[in-house]
Amino acid sequence: MNDDMELVREYAARQSEQAFETLVSRNVGLVHSAALRQMRDPHLAEEITQTVFIILARKAGSLNPKTILPGWLYRTTRYVSAAALKIQRRRERREQEAHMQAVIQEAQTDSAWEQFSPLLDEAMADLRDKDRDAIVLRYFQNRSLRDVGAVLGVDEYAAQKRVARALEKLRAFFVKRGIDSTTATIAKAVSDNSIQAAPALLAKSVTAVAIAKGAAASGSTLTLFKGALKIMA
């Protein structure tokens, strides 16, 4: 055990893998145990152990010959663990801040949706067809701007401009009715809430009745059908 520094010098001078392997096998338990006590996380303890020996490999040539290597490794483990704790706390703080921001934003979006959802379809009806199509594609169906442009027959930049103008028109509609919101809030609220899952069997029943051209439809459905055709005409 007294030849630790001789092994360090041998590694530093000749890059002897055998010398370094001996150093690691002698001291890995010391380093890992100290790291595990400080971090209480097996994965982090292993990472810290690896880091400590990387530092040893890089500093081998500059260590004082009188260095007591186990003590040096123990102190270095403490330093690395302190750095790991600092990084961990910083990451946890960022994650907590991001979570809180998401909660606040979700609450704001939900509140905005409750305000203007009763007026959304009326506001959409006020738009020109191409503007309405752009909003439906972009936020009701959550298509990319490239896809919106392809469907509308324009490039991505033109699609972005059209969507932005349509959002501004929606915002102006809501402002006139006492609901002051941003276009970004409107876009997120519509994207998150405008489409809800339909009842499980509705698609099958709709398909069957529609393919039969309404022959099997109820009386109320036929009345609706005729009334809608008149409005469309």
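Up top is the structure.
Residues numbered from 1 in each chain as written. Predicted model: local features only at pLDDT ≥ 70, side-chain atom pairs only at ≥ 80, totals over all residues. Heavy atoms only, no water.

**Notes on helix α1 (residues 4-14)**
Since the α-helix turns once every 3.6 residues, residues separated by three or four places project in the same direction.
Line of reasoning, step 1. For α1, the set of buried residues is Asp4, Met5, Leu7, Val8 and Tyr11. Burial along α1 is one-sided: seen end-on, the buried residues are contained in an arc of 155°. Structural note: α1 exposes Ala13 and Arg14 on the side pointing more than 90 degrees away from its buried face.
Line of reasoning, step 2. With its phi angle positive at about 55°, Gln15 sits one or two positions after the end of α1. (Buried < 20%, exposed > 50% of the residue type's maximum accessible area, 1.4 Å probe, protein only. Helix = DSSP H or I, 4+ residues; strand = E, 2+ residues; numbered from the N terminus. Arc of directions from axis to C-beta.)

**Here's the deal with the layout of surface pockets**
Line of reasoning, step 1. Its volume calculated, the largest pocket comes out at about 170 Å³.
Line of reasoning, step 2. Forming the boundary of the largest pocket are Leu44, Glu47, Ile48, Thr51, Val80, Ala83, Ala84, Ile87, Gln88 and Arg91.
Line of reasoning, step 3. At the level of secondary structure, the elements contributing two or more residues to the lining of the largest pocket comprise α3 (42-59) and α4 (69-125).
Line of reasoning, step 4. It is α4 that provides the largest number of residues to the lining of the largest pocket, a total of 6 residues.
Line of reasoning, step 5. Of the residues contributing to the lining of the largest pocket, the split by class is 6 nonpolar, 2 polar and 2 charged. (1 Å grid on protein atoms, 1.4 Å probe; cavity = no way out; pocket = protein on both sides within 12 Å on 5 of 7 lines; lining within 4 Å. Points joined across faces, edges and corners; volume = space filled by probe spheres on them. Nonpolar A, V, L, I, M, F, W, Y, C, P; charged D, E, K, R; others polar.)

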